[in-house]
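# Survey of secondary and tertiary structure
Below, each chain spelled out in residue letters.
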Amino acid sequence: MPVQDRRAGTDADHLDLAVRLAVENVAAGGGPFGAVVVRDGIVVATGVNRVTAQNDPTAHAEVQAIRAACAGLGTFSLAGATLYSSCEPCPMCLASSLWARVDRVLYAADRDDAARGGFDDRAFYELFETPRTEWSVPVQQQRNAGSPAPFDAWLASTGRVDY
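Described in the following lines is the structure provided in the data block.

Cut-offs applied
Starting afresh in each chain, residues are numbered from 1 along the sequence in its written order. It should be noted that, the model being predicted, local features are given only for residues of pLDDT at least 70 and side-chain atom pairs only at 80 or more, the latter also being counted only at that level, while totals for whole chains, interfaces and linings use all residues. Processing note: side-chain calculations cover all non-hydrogen atoms of the structure and skip hydrogens and water entirely. Helix and strand assignments follow DSSP, with helices taken as H or I runs no shorter than four residues and strands as E runs no shorter than two, numbered in order from the N terminus. Summary of the burial criterion: residues with accessible area below 20% of their type's maximum are buried, those above 50% are exposed, and those between are partly exposed, where the area comes from a 1.4 Å probe applied to protein chains only. Contact criterion: two residues are considered in contact whenever any of their non-hydrogen atoms come within 4.5 Å of each other. For the area figures, the Shrake-Rupley method with a 1.4 Å probe applies, and any residue is considered shielded solely by the protein chains shown. Neither His nor the chain ends contribute to the count of charged residues, in which Lys and Arg are positive and Asp and Glu negative. Lysine's charge is taken at NZ, arginine's at CZ, aspartate's at CG and glutamate's at CD. Angles here are taken between N-to-C directions and fall from 0 to 180 degrees, while the axes themselves are lines fitted to C-alpha atoms, restricted in helices to the stretch in contact. If an angle is under 35 degrees, it is roughly parallel; if it is over 145, roughly antiparallel; if it lies from 65 to 115, roughly perpendicular; otherwise it is oblique. The sense of a crossing depends on the near helix, which, turned anticlockwise from the far helix by less than a right angle, makes the crossing left-handed and, turned clockwise, makes it right-handed. Whenever a carboxyl oxygen of Asp or Glu lies within 4 Å of a side-chain nitrogen of Lys or Arg, that contact is scored as a salt bridge. When DSSP finds at least two bridges between two strands, those strands are taken to pair. Any Phe, Tyr or Trp ring, taking Trp's six-membered ring, that has another such ring centre within 6.5 Å forms a pair; planes under 30 degrees apart are called stacked, those over 60 apart edge-to-face, and the others tilted. Here, over-ring charges are defined by two tests on the NZ atom of lysine or the CZ atom of arginine: distance to the ring centre within 6 Å, and angle to the ring normal within 35 degrees. In this analysis, the protein atoms alone were mapped onto a 1 Å grid. Cavities are point sets where a 1.4 Å probe fits without being able to get out; pockets are open sets with protein on both sides within 12 Å along at least five of seven lines; lining residues have an atom within 4 Å of a point. Grid points are joined across faces, edges and corners, and a volume is the space filled by probe spheres set on the points. Classes in brief: Ala, Val, Leu, Ile, Met, Phe, Trp, Tyr, Cys and Pro nonpolar; Asp, Glu, Lys and Arg charged; the others, Gly included, polar.

### Concerning the overall build of the protein
Secondary structure assignment for the protein yields seven helices and four strands. Along its sequence from the N terminus, the protein presents helices and strands in the succession α-β-β-α-α-β-α-β-α-α-α. The C-alpha extent of the protein, read off along each of the three principal axes, is 50 × 40 × 25 Å. Within the protein, buried positions represent 34% of all 163 residues. Considering only residue pairs separated by 6 or more positions, the protein has 50% of its internal contacts joining residues 24 or more positions apart. For the protein, the computed accessible surface area is about 10,000 Å², with 55% contributed by carbon and sulfur atoms. Placing the 14 positive and 20 negative side-chain charges of the protein at their respective mean positions leaves the two points 6 Å apart.

Here it is in structure tokens:
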């Protein structure tokens, strides 16, 4: 999403922007989530939930903002940045934040607010605390002779970019 206002602001300003983006996205037919990536006090990118608009279950606001920030900055690392979200990030978005190496994540509403709105991420948090053998969706390893080959190729590559 294009950023209209890139001025420096406070944590409260950036959270207000994330919430405003979420409300505007609802009016535009999207989900009630907005996110802002800020580095050095300046808004680098924003994102809104586009799951249903793009038929993409990974198009959460935080992921959209991270993708836009990385593309705009030309890097896969958002070290030194803060991710502001209108709501507590789901496990996927939280993991994406960690992979992006943001310095911190601040959010407005929490998982209980999201559940009230029909977005119950608590089930995922609870699932991750349960042994995989008890999950309703099997997640299992089936190792074969070639299993380590991609990592062997990676380690042997002289052109790899470590992350």
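### Focus: the packing of helix H3 (residues 61-73) against helix H4 (residues 91-100)
In contact at an axis separation of 8 Å, H3 and H4 are set at 20 degrees when each is read in the N-to-C sense. With respect to H4, the axis of H3 lies roughly parallel. The two elements H3 and H4 cross, and the hand of that crossing is left-handed. Residues Glu-62, Val-63 and Ile-66 of H3 pack against Met-92, Cys-93, Ser-96, Ser-97 and Ala-100 of H4.

### Observations regarding the side chain of Asn-25
Tracing the sequence through the fold places Asn-25 in helix H1 (residues 11-27). Judged by its relative accessible area of 4%, Asn-25 falls in the buried class. Filtering out sequence-adjacent residues up to four positions away, Asn-25 remains in contact with Gly-30, Gly-31, Phe-33, Val-48, Asn-49 and Arg-50.

### Some words on the pattern of salt bridges
On inspection of all chains with the given rule, the structure shows six salt bridges. Arg-160 is paired through a salt bridge with Asp-162; the nearest N and O atoms lie 2.9 Å apart.

### Quick word on the sheet that holds strand S1 (residues 34-39)
With respect to topology, four strands assemble into an open sheet ordered S2-S1-S3-S4, the strand pairing being mixed. Two strands bound the open sheet, and with one partner strand each, they are strand S2 (42-48) and strand S4 (104-109). Mean inter-strand twist for the sheet, computed between neighbouring axes without regard to direction, equals 20 degrees. Bridge analysis of S1 against strand S3 (residues 81-87) gives five bridges, and the strand direction is antiparallel. The residue of S3 that forms the bridge with Ala-35 is Ser-85. Of the strands in this sheet, S1, S2, S3 and S4 are in contact with H1, which crosses S1 at around 150 degrees.

### Let's talk about the packing of aromatic side chains
Considering all chains together, one arrives at five aromatic pairs under this definition. Aromatic side chains Phe-33 and Phe-119 sit 5.0 Å apart centroid to centroid with 90 degrees between the ring planes, which places their arrangement in the edge-to-face category. Separated by 86 residues along the polypeptide, Phe-33 in the loop between H1 and S1 and Phe-119 in the loop between helix H5 (111-116) and helix H6 (122-128) bring together distant segments of the chain. Judged by its relative accessible area of 35%, Phe-119 falls in the partly exposed class. Centroid distance Phe-76 to Tyr-163: 5.7 Å. Interplanar angle 65 degrees. Geometry classified as edge-to-face. With Phe-76 in the loop between H3 and S3 and Tyr-163 in the segment after helix H7 (149-156), the pair connects residues that are 87 residues apart, well separated along the chain. A connected cluster of aromatic rings, assembled from ring pairs, spans Phe-76, Trp-99, Trp-154 and Tyr-163. Seen from the ring of Tyr-125, Arg-111 lies directly overhead, with NZ or CZ sitting 3.7 Å from the centre.

### Here we look at the layout of surface pockets
The computed volume of the largest pocket comes to approximately 330 Å³. Taken together, 20 residues form the lining of the largest pocket, with His-60, Cys-90, Met-92, Asp-121 and Phe-124 sitting closest to its centre. Of all the secondary structure elements, the ones that give two or more residues to the lining of the largest pocket are helix H2 (51-54), H4 and H6. Sort the elements by how many residues they give to the lining of the largest pocket and H4 lands first, with three residues. The class makeup of the residues in the lining of the largest pocket is twelve nonpolar, four polar and four charged. In this structure, the second largest pocket occupies an estimated 170 Å³ of space.

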